[in-house]
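One-letter residues, chain by chain:
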Amino acid sequence: AQKVTQAQTEISVVEKEDVTLDCVYETRDTTYYLFWYKQPPSGELVFLIRRNSFDEQNEISGRYSWNFQKSTSSFNFTITASQVVDSAVYFCALSVRNQGGKLIFGQGTELSVKP
Amino acid sequence: KAGVTQTPRYLIKTRGQQVTLSCSPISGHRSVSWYQQTPGQGLQFLFEYFSETQRNKGNFPGRFSGRQFSNSRSEMNVSTLELGDSALYLCASSPYRTGTSGGEQFFGPGTRLTVL
């Protein structure tokens, strides 16, 4: 069975601090995909990044960076110099090749960035 | 390009009633998936439709059903509503079957269903 664990339920930081959101996944499939989504108070899930299981390169996009390590089954997300607009719930998700469009989500991490 | 749209945005029903929610995917997208989000259970997969066929189904009772039309628009139906069905129902679209290609899914704003 597949599972995604986001152990941090809530994180509170002050603006301009760096923050890392942890994500640990479980699957026996060799082909799988990992995602991060942001859910602001409006409720809509906003796609941030996708990684496939064969691409362990880390990625940086502006203030966002992602660290994918198959050895530890982790796909962590770092926000550098956080801003108030980063306040949201962040979800890590997993899909495997033989299960169609099913995304398995973690429980989410609520990030609060205070001015 | 317009995003995923869901109607209605808010709905209040009473126990025992049935409800139909609608989802219009991004133009050109053929895959539509539905998710239920509750504070207790989080985000849970309901089903996926691709080319008018249900391709995958989550662990929900038969009261939850859906369909997809030839224009890729999708509806989901919940019959005999229970209090526990109160949730945010999210629809997502993708240009192809996510599981076979790992394509990202783009989500709509959701329908907030309250069952009294």
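Thresholds, definitions, all that
- Residues numbered from 1 in each chain as written.
- Chains lettered and ligands numbered in written order.
- Predicted model: local features only at pLDDT ≥ 70, side-chain atom pairs only at ≥ 80, totals over all residues.
- Heavy atoms only, no water.
- Buried < 20%, exposed > 50% of the residue type's maximum accessible area, 1.4 Å probe, protein only.
- Helix = DSSP H or I, 4+ residues; strand = E, 2+ residues; numbered from the N terminus.
- Pairing = 2+ DSSP bridges.
- Core = buried A, V, L, I, M, F, W, Y, C linked by side-chain atoms within 4.5 Å.
- Contact = heavy atoms within 4.5 Å.
- Axes fitted to C-alpha atoms, helices over the stretch in contact; angles between N-to-C directions.

Trainee: When you look at the pairing of strand β9 (residues 74-79) of chain A in this model, what are you seeing that I'm missing?
Mentor: Side-chain positions along a regular strand alternate between the two faces of the sheet. Residues and elements named next belong to chain A. In terms of burial, β9 is a largely internal element, six of the six residues being buried. Here β9 shows no split at all, with Ser-74, Asn-76 and Thr-78 on one side and Phe-75, Phe-77 and Ile-79 on the other all buried. Pairing analysis gives six bridges linking strand β8 (residues 64-69) to β9, with the strands arranged antiparallel. Residue pairing for β9: Phe-68 is matched across the bridge by Phe-75. Hairpin connection of β8 to β9: four residues between the antiparallel strands, including Ser-73 at a positive phi of 50 degrees.

Trainee: Would you explain the nonpolar core in this entry?
Mentor: One recurring pattern in soluble globular proteins is that nonpolar side chains are buried together. Within the largest apolar cluster, 25 residues are counted, with the highest numbers of intra-cluster contacts made by Trp36(A), Phe75(A), Phe77(A), Tyr90(A) and Leu111(A). For this core, the secondary structure elements donating two or more residues are β2 (10-14), β3 (19-21), β5 (32-39), β8, β9, β10 (88-96) and β12 (109-114) of chain A. Setting aside chain neighbours within four positions, we find Tyr90(A) in contact with Gln6(A), Leu21(A), Trp36(A), Tyr37(A), Lys38(A), Leu48(A), Tyr64(A), Phe77(A), Ile79(A), Gly108(A), Thr109(A) and Leu111(A). Of all hydrophobic cores here, the second largest spans 21 residues; its members include Val19(B), Phe47(B), Tyr49(B) and Leu113(B).

Trainee: I'm lost on the sheet that holds strand β3 (residues 19-24) of chain B in this one. Help?
Mentor: Strands pair in a sheet through their backbones, by hydrogen bonds, and they do so in one of two ways: parallel or antiparallel. All names here are of chain B. Read across the open sheet, the four strands follow the order β1-β3-β8-β7; overall the sheet is antiparallel. This sheet does not close on itself; its edge strands, each paired only once, are β1 (5-7) and β7 (64-68). Ignoring strand direction, the axes of neighbouring strands in this sheet form an average angle of 20 degrees. For β1 and β3, the ladder comprises three bridges, and the chain directions are antiparallel. When the bridges of β3 are listed, Thr-5 appears paired with Ser-24.

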